[in-house]
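Listed below are the residues making up each chain.
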Amino acid sequence: MSTGPLLQDQTAVVTGGSRGIGRSIVLTLASQGAKVTFLYCSNQVAADHTLKEAADLGLNVEAKQVDVRDAAACEEAVEEIAEQNDKIDILVNSAGIIRDNILGLLSKEDVEEVLTTNVIGVFNILRPVIPFMVSRRKGKIINISSVAGEKGGRGQTNYAASKGAINALTKALAVELAPRNIRVNCVAPGVIETEMSETIRQQAGDVVQSRILLGRFGQPEDVANAVLFFASGLSDYITGQVLHVDGGFKMS
Ligand code: NAP
C-alpha cells in the first residue's frame, strides 16, 4: 500500500470551493497533492481568504469566479482549466444554496433559484468536464447532495427536490460512465457547521442535535474526508453510491 500523498499529480475542480464545505474539500484535496481550481460565485473576500490559506500552507490552489447557473461561463472555465493542466482527474460539485420556507410561502423565485443552482448548475459543469475524462478513460466525480434528499424536513421542499435529483443523477451517471472507467459517487451531509446551516442551528439547534445519533453537528472536514475517499484510489471499486455523512441523523 502506498504511503505517499493520495492525490499526487491529480488535477481537481471544486465548485463552491471558497467557503464552508467546499473550502475544506479544496484544502483537503490539495494537501494530498492535487492541484485544485475552485469556482465561486460572487464572494471575492471569501475566495481570497481561501487562496491565502492555501498559499500559506504551500498548497497548489487557484480560483475562478464562475456562476454555475451560467452554462457558457462554465464551459469556458472548464476548457481553460483542462488546457492549462492537460487534464481533469477529479470533479467535486459542492456549490449550492438554500431558500427554506414552507411550500405555501415559497416564491416562484425561491424554487427556481434553488433548482437552477443545485441541479442545472451541476449539469452545466458536468457537460464540459466529462469529455476530458472520457478521452483519458479516467476520472472521479463526487456530487454533494444532502440528507434532505432522502429524509423529509419541514420547509425544505425545494431544497429536498434538488438534492434528491442529485442522488438520482449520481446513480444514472455512474451507469453511463462506468464503461469509461469514470466513477461517480455522492456525499450527502447532515447538518454541518457552515453559514448555510446557521439559521437552522439557531432556530432549532437543540431539537436537531438531539436527533443526531453521534450527538454533534458535523464539521466541513467530516465531509471533506469522505470526498477524499471517493477522489482517491481507496474507493477504486465503488461507484454510484450515496454516502451519508450525518452522524446518524438520517437513521433517527
Ligand atoms: P456555503 O457555506 O453557503 O457555501 C456555498 C458555496 O457555494 C460558496 O463557495 C458559494 O460561492 C458557492 N456558490 C453558491 N452559488 C453559486 C453559484 N451560482 N455559482 C458558483 N458557486 C456558487 O454552503 P456549504 O454549507 O458549504 O454547502 C456546500 C454544499 O453542501 C451545498 O451543495 C449544500 O447544499 C451541501 N450541504 C450543506 C449542508 C450544511 O449543513 N452546511 C448540509 C447538507 C448539504 P460564493 O460565496 O461566491 O457565493
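As a reminder, the structure under discussion sits directly above these lines.
Presented here is a report on the structure given in the accompanying data block. Bear in mind the structure is a predicted one, so any value in this text is a computation, not a measurement.

### A look at the overall build of the protein chain
In step 1: Secondary structure assignment for the protein chain yields 7 helices and 7 strands.
In step 2: Tracing the protein chain from N to C terminus, the helices and strands come up as β-α-β-α-β-α-β-α-β-α-β-α-α-β.
In step 3: Taking the principal axes of its C-alpha atoms as reference, the protein chain extends roughly 50 × 40 × 40 Å.
In step 4: Counting all 252 residues of the protein chain, 49% fall into the buried class.
In step 5: Pairs at least 24 residues apart make up 75% of the contacts formed inside the protein chain by residues separated by at least 6 positions.
In step 6: For the protein chain, the centre of its 24 positive side-chain charges and the centre of its 29 negative side-chain charges are spaced 6 Å apart.

### Some remarks on a nonpolar patch on the surface
In step 1: On the surface, a cluster of nonpolar side chains totalling about 390 Å² of accessible area is made up of Leu213, Leu214 and Met251.
In step 2: Topologically, Leu214 is positioned in the loop between helix 6 (198-210) and helix 7 (220-231).

### What to know about the nonpolar core
In step 1: One finds Ile25, Leu29, Val36, Val92, Ile142, Val187 and Val227 to be the most contacted residues of the largest nonpolar core, which totals 31 residues.
In step 2: When contributions to this core are tallied by element, the ones reaching two or more residues are strand 1 (11-15), helix 1 (20-31), strand 2 (35-40), helix 2 (44-56), strand 4 (90-93), strand 5 (139-144) and helix 7.
In step 3: Here this core gets 7 residues from one element, more than from any other, and that element is helix 7.
In step 4: In contact with Val227, not counting residues within four places along its chain, are Ile25, Leu29, Val92, Ile142, Ile144 and Val187.

### Quick word on the packing of aromatic side chains
In step 1: Scanning the model with the defined rule gives 2 aromatic pairs in all.
In step 2: Plain terms: the ring middles of Phe38 and Tyr40 are 6.2 Å apart, the flat faces sit at 55 degrees to each other, and that makes the pair tilted.
In step 3: Exposure remark for Tyr40: the relative accessible area of 7% places this residue in the buried category.
In step 4: Taking 5.5 Å as the distance between ring centres and 50 degrees as the angle between the ring planes, the aromatic pair formed by Phe229 and Phe230 counts as tilted.
In step 5: Cation over ring: Lys151 sits above Phe249, and NZ or CZ is 4.8 Å from the ring centre.

### Here we look at the pattern of salt bridges
In step 1: For the structure shown, the criterion picks out 13 salt bridges.
In step 2: A salt bridge links Arg19 to Glu195, with the nearest nitrogen and oxygen atoms 3.2 Å apart. In this pair, Arg19 sits in the loop between strand 1 and helix 1 while Glu195 sits in the loop between strand 6 (182-189) and helix 6, placing the two residues 176 residues apart along the sequence.
In step 3: Given the relative accessible area of 38%, Arg19 is considered partly exposed.
In step 4: Since its relative accessible area comes to 53%, Glu195 is described here as exposed.
In step 5: With a shortest N-O distance of 2.8 Å, Glu113 and Arg69 are connected by a salt bridge. Placement of Glu113 in helix 4 (residues 108-136) and of Arg69 in the loop between strand 3 (61-65) and helix 3 (71-85) is noted, with a sequence separation of 44 residues between them.
In step 6: For Glu113, a relative accessible area of 28% gives the class partly exposed.
In step 7: Arg69 gets classed as partly exposed once you look at its relative accessible area, which sits at 34%.
In step 8: Shared partners join several salt bridges into a network, and the residues in it are Asp67, Arg69 and Glu113.

Cut-offs applied
Residues numbered from 1 in each chain as written. Predicted model: local features only at pLDDT ≥ 70, side-chain atom pairs only at ≥ 80, totals over all residues. Heavy atoms only, no water. Helix = DSSP H or I, 4+ residues; strand = E, 2+ residues; numbered from the N terminus. Buried < 20%, exposed > 50% of the residue type's maximum accessible area, 1.4 Å probe, protein only. Contact = heavy atoms within 4.5 Å. Lys, Arg positive; Asp, Glu negative; His and termini not counted. Charge placed at Lys NZ, Arg CZ, Asp CG, Glu CD. Patch = residues over 30% accessible without salt bridge, like charges linked within 9 Å, V, L, I, M, F, W, Y side chains within 5 Å. Areas by Shrake-Rupley, 256 points an atom, 1.4 Å probe, with all protein chains shown as cover. Salt bridge = Lys/Arg side-chain N within 4 Å of Asp/Glu carboxyl O. Core = buried A, V, L, I, M, F, W, Y, C linked by side-chain atoms within 4.5 Å. Phe/Tyr/Trp six-rings, centres within 6.5 Å; stacked < 30°, edge-to-face > 60°. Lys NZ or Arg CZ within 6 Å of the ring centre and 35° of its normal.

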